[in-house]
Amino acid sequence: MNTIEKAGILAIAAKLQNVLDTLRDAGNLFYQAHGINFETKWFPPIYVLSIANQLSVTELAKEIGLSHPAAIGLLKEIEKNGLISSVKDSRDERKRNLMLSPKGREMVSELKPYWDSIASTLSDVTANPHNLYIALTEVEMRLDEKPLLERLNEKAVHILEQSKDKEFTIERCDNLFALNLAKAIHREIFSFPVDEEINPDTAKNKPTYFLVSVNGLPAGHTAIYFTDSEMEIDSIGVLEQYRNQGVARHLIQHIKQSYPSMKLIKAVCEIHQKNFFEHLGFVHRKADKEHNRITMELKIVS
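Bear in mind that the values here come from a model prediction, so they are computed numbers and not experimental data.

(A) Geometry of the overall build of the protein chain. Scanning the protein chain from terminus to terminus reveals 10 helices and nine strands. Relative to its length of 302 residues, the protein chain is extended, with a C-alpha radius of gyration of 29 Å against a globular reference of 19 Å. By principal-axis analysis of the C-alpha atoms, the protein chain measures approximately 85 × 45 × 40 Å. Out of the 302 residues belonging to the protein chain, those deemed buried represent 30%. Across the protein chain, the fraction of contacts at a sequence separation of at least 24, relative to all contacts at a separation of at least 6, is 53%. Accessible surface computed for the protein chain: about 20,100 Å², of which carbon and sulfur atoms make up 54%. On the protein chain, the mean spot of the 37 positive side-chain charges and the mean spot of the 41 negative ones are 4 Å from each other.

(B) Spatial organisation of the environment of S235. Within the secondary structure, S235 sits in strand 6 (residues 230–238). Classification of S235 by relative accessible area gives buried; the value is 3%. For the pair formed by S235 and K88, sequence separation is 147 residues and the distance between their alpha carbons is 70 Å. Among the polar contacts made by the side chain of S235, one reaches the side chain of H186 at a distance of 3.3 Å.

(C) Representation of the pairing of strand 9 (residues 293–299) in the model. With six of seven residues buried, strand 9 is to be regarded as a mostly interior element. One ladder, built from seven bridges, connects strand 7 (residues 264–270) with strand 9; its direction is antiparallel. When the sheet's bridge partners are listed, V268 is paired in strand 9 with T295. Connecting strand 8 (residues 283–288) to the next strand, strand 9, in antiparallel fashion are four residues, including N292 with a positive phi near 60°.

(D) View of the sheet that holds strand 7. The sheet built from seven strands is open, its strands ordered 3-4-5-6-7-9-8 with mixed pairing. The sheet is open, and its two edges are formed by strand 3 (168–172) and strand 8, each paired on a single side. Between one strand and the next, the sheet's axes are offset by a mean angle of 25°, whatever the strand orientation. Looking at chain direction, strand 6 and strand 7 are connected through four bridges and run parallel. Among the inter-strand pairings, M231 is bridged to a residue of strand 7, identified as I265. Seen against the sheet, helix 8 (residues 176–189) touches strand 3, strand 4 (208–214), strand 5 (217–226) and strand 6 and runs at an angle of roughly 85° to strand 4. Helix 9 (residues 247–258) contacts strand 3, strand 4, strand 5, strand 6, strand 7 and strand 9 of the sheet and is inclined by roughly 155° relative to strand 6.

(E) How the structure looks around the pattern of salt bridges. Across all of its chains, the model carries six salt bridges by this definition. The salt bridge involving K266 is made with E232; its shortest N-O contact spans 4.0 Å. Taken together, the residues K266 in strand 7 and E232 in strand 6 connect sequence positions 34 residues apart. For E232, a relative accessible area of 12% puts it in the buried group.

(F) View of helix 8. In this model helix 8 runs 20 Å from its N-terminal to its C-terminal C-alpha over 14 residues, within 8% of the 20 Å that 1.5 Å per residue would give. Buried within helix 8 are the following residues: A178, A182, I185 and H186. On an axial view of helix 8, the arc spanned by its buried residues comes to 105°, and they lie on one face. Exposed positions of helix 8 whose direction lies more than 90 degrees from the buried face are L176, F177, R187 and E188. Looking at the buried positions of helix 8, the neighbouring elements they touch are strand 3, strand 4, strand 5 and strand 6. Here helix 8 starts with a cap whose side-chain oxygen sits 3.2 Å from the backbone nitrogen of F177, and that cap is N175.

(G) Looking closely at helix 2 (residues 43–52). For helix 2, the set of buried residues is P45, I46, V48 and L49. Here the buried residues of helix 2 occupy an arc of 165° about the axis, which is enough to place them on one side. The inward-facing, buried residues of helix 2 abut helix 3 (57–64), helix 4 (68–80), strand 1 (84–88), strand 2 (96–100) and helix 5 (102–125). Looking one or two residues past helix 2, N53 carries a phi angle of roughly 70°, positive in sign.

(H) Structural detail: the environment of I255. Counting through the fold element by element, I255 comes out in helix 9. In contact with I255, other than residues within four places in its own chain, are F210, I224, M231 and I265.

The rules behind these values
Residues numbered from 1 in each chain as written. Predicted model: local features only at pLDDT ≥ 70, side-chain atom pairs only at ≥ 80, totals over all residues. Heavy atoms only, no water. Helix = DSSP H or I, 4+ residues; strand = E, 2+ residues; numbered from the N terminus. Rg over C-alpha atoms; globule rule 2.2 N^0.38 Å. Buried < 20%, exposed > 50% of the residue type's maximum accessible area, 1.4 Å probe, protein only. Contact = heavy atoms within 4.5 Å. Areas by Shrake-Rupley, 256 points an atom, 1.4 Å probe, with all protein chains shown as cover. Lys, Arg positive; Asp, Glu negative; His and termini not counted. Charge placed at Lys NZ, Arg CZ, Asp CG, Glu CD. Polar contact = N/O pair within 3.5 Å; in protein donor to acceptor, adjacent residues only side chain to side chain. Pairing = 2+ DSSP bridges. Axes fitted to C-alpha atoms, helices over the stretch in contact; angles between N-to-C directions. Salt bridge = Lys/Arg side-chain N within 4 Å of Asp/Glu carboxyl O. Expected span 1.5 Å × (residues − 1). Arc of directions from axis to C-beta.

Structure (structure tokens):
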């Protein structure tokens, strides 16, 4: 699994872009293999003009779902290759419409059997219970009903209002009940046992656990080893439903304020966790390439 996959639905744009790039690259190579000077990105305007005969740039841009500037750039490229030409509008001589050139019409006739082949192949690829084309069409219909920006703003108002009402409570697990809750969160998040040490160089003393709750409900934990002047994070985790809400940041801030005599907090982690610790204010100090691990540090300023 790529790291971006862990973002879930937030990675949908990246996933769609990846599919788009794959389709375009394969299509271009397919055309080249058959000696055809055509690019997949030219298909939408060429196909529309093969049916609509003549359209203005504005009309064509709307048909293919591009902004006016983006459409102009694409159409200039196609015109440069001699596949379209412009003519005066019969109703308004000040306007110019676009149409397929003779070379463009000849190209469409040549391409039709190849388009049939592509359509058949794409039908095979998308023939599953979650048909990609149908799903994308449904998404487009929903966005036509209410634009994405409007939806984002509505959600943001709701989520920001909720975040204002959040109350974070952080406690050192000095009693068995809190300790069991923290260890239960650890087991929920991590695959390794609670008592297993992440860093083999860590002292054998047991870590101190801290539990963070949101509005009275357990949300995350950290386990820390203490030395005379440093703290080392053995584990830190937030339950999935509380992620991206500042839980880990509140937890680290509490640790810093509670132990001002300490010089720094250290974390030995895997490379893919680097961004997580950087968001908490840690900086990269050294790398252990042999074990694919890095050391992150956060200085405590009194």
